[in-house]
Amino acid sequence: MNPFRTLPKVRYEGPDTKNDLAFRYYNPDELVEGKPMREHLRFSAAFWHCMRNTLSDPFGVGTAFMPWDDESNTLDNAIRRAEVFFDFLDLLGIEYYCFHDRDVAPEGTTVSESIENLETVVKALQRLQNDRGKKLLWGTACLFSHPRYAQGAATSPNANVFTYAASQVKNAIDATQALGGQGYVFWGGREGYTTLLNTNMKRELDHLGRFLHLAVEYKKLIGFEGQFFIEPKPKEPTTHQYDSDAAACLNFLREYGLFDDFELNIETNHAQLAGHTMWHELQVAANAGKLGSIDANQGNPYLGWDTDEFPTDLPMATQIMLTVLGMGGFRKGGLNFDAKRRRDSYEPLDLVYGHIAGMDTFARALKIAAKIRKDGTLEKMVRQRYSSWDVGIGAEIEAGKVTLKELDAYARRCPEPELPSARQEMFEVIWSRYF
Ligand code: XUL
Ligand code: CO
């Protein structure tokens, strides 16, 4: 009934192994830049994709084979699922996990019953975490599945819906705190709109700001030490999601006086939907000191929706790890596999392969990123490109020591600037050497 118990543990066997159920690159205790790989990568599995995603799509019912799940909405079934999930984490040596309240505990017929269900499952999760030595990376509330949230949660036109969402978030934060969660994520589920004809955008955004302030006040009240994250996404399910990309989120946080209380959880597929590279989104967040965590997956470049595939793009993973190493590593965040199998890869074993592929890709990317940093060629070339800012007039501008009038006088004396080639192709030649 539980295939994750019968399989031999997935272990590091090195790049030459012929065993497909082994790691070729992820060697948890191997030091990279003086720190074990496991601490750099902080891998996490997503409860929703592993245990609750039936793999249905708009054209067909779910195909996922989950022999441990009796499909009932009972607490027994919920706790059995949690046990299977921890066997899955054990099998792969994944230390962290993430969940939504409704993934782990069934929604009851009243608000109070839902809360009691969550509290019961949290006790089981506490026991499992202790027994298996696992940790919660982050928790969150599902504010998008139930029909009451069809028009938004914090941004609903209906104030009572806002209260239901507030109650859910309060209790999801409590659950996260009880489980020692490193963070708590706000992904704006249905916080957006389909048409401005029926939407008061300003009022909805004000409500979202209020909602987040209420959460921050509560966090301080109970002394929750986890980090709050916002996860940008530009569209799907709504046409225009308010948290559309990293820059929009940072601006929102600044505008509503929330900047100090949040970091960003950047997801690869969401970056792609926003028309950005993941590297861009990470860099925007990191520039502001706000790169907190990563939902590691990837989209399909030929499709315009969130396919949540397992991350296997090595150059992209290397860009991610370069940015993470560049900011000195994760603090409370990590690499959460917000990824699912394809509908036609429906067996439990496919979940194992998906995670092996993702973990090995990131382990390899980490080592390549460390090599690029140690070598320093690319960094030196970038520094060289900006070297006119290190001395003379460039340094004076950066230091804020010259006026526009003085620059006018300088430019009149200065011969036509000689602009060197940007050498993109040369950068690409050097980049490709590392792979
Ligand atoms: C949706 C998504 C969510 C968040 C958590 O696209 O990424 O699963 O990560 O709510
Ligand atoms: Co996500």
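Before reading further, recall that the structure is shown in the block above.
Residues numbered from 1 in each chain as written. Chains lettered and ligands numbered in written order. Predicted model: local features only at pLDDT ≥ 70, side-chain atom pairs only at ≥ 80, totals over all residues. Heavy atoms only, no water.

### Structural notes on the coordination of the cobalt ion (ligand 2)
Okay, so step 1: The coordination sphere of the cobalt ion (ligand 2), as far as protein atoms go, consists of Glu231 (OE), Glu267 (OE), Asp295 (OD) and Asp338 (OD), spread over 1.9 to 2.2 Å.
Okay, so step 2: Its 6 donor atoms give the cobalt ion (ligand 2) angles of 80 to 173° at the centre, a pattern that matches the octahedral case.
Okay, so step 3: Look at where the donors of the cobalt ion (ligand 2) fall in the sequence and you get E-x35-E-x27-D-x42-D. Residue Glu267 is located in strand S10 (residues 262-267), and its partner Asp338 is located in the loop between strand S12 (335-337) and helix H13 (348-375); the two are separated by 71 residues in the primary sequence. (Donors = N, O, S within 2.8 Å, 3.2 Å for Na, K, Ca; no water. Tetrahedral: all angles 85-135°; square planar, octahedral: opposite > 155°, others 65-115°. Helix = DSSP H or I, 4+ residues; strand = E, 2+ residues; numbered from the N terminus.)

### Observations regarding helix H17 (residues 424-433)
Along an α-helix, a turn takes 3.6 residues, which lines up residues three or four apart on a common side.
Okay, so step 1: Taken together, the buried positions of H17 are Phe427, Ile430 and Trp431. Projected down its long axis, H17 carries its buried residues within an arc of 105°, all on one side. In this structure, H17 carries Glu425 and Arg433 as exposed residues pointing more than 90 degrees from its buried face.
Okay, so step 2: Against the buried residues of H17 lie helix H12 (314-326), H13 and helix H14 (377-385). (Buried < 20%, exposed > 50% of the residue type's maximum accessible area, 1.4 Å probe, protein only. Arc of directions from axis to C-beta. Contact = heavy atoms within 4.5 Å.)

### Here's the deal with the pairing of strand S6 (residues 183-187)
Okay, so step 1: Taking burial as the measure, the 5 residues of S6 include 4 buried ones, the bulk of the element.
Okay, so step 2: Note: strand S5 (residues 135-140) against S6, 2 bridges, orientation parallel. Looking at the pairing, Gly139 lines up with Tyr184 of S6.
Okay, so step 3: With helix H7 (residues 159-178) bridging S5 and the parallel S6, this β-α-β connection has right-handed handedness. (Pairing = 2+ DSSP bridges. Right-handed = clockwise from strand over helix to strand, strands pointing away.)

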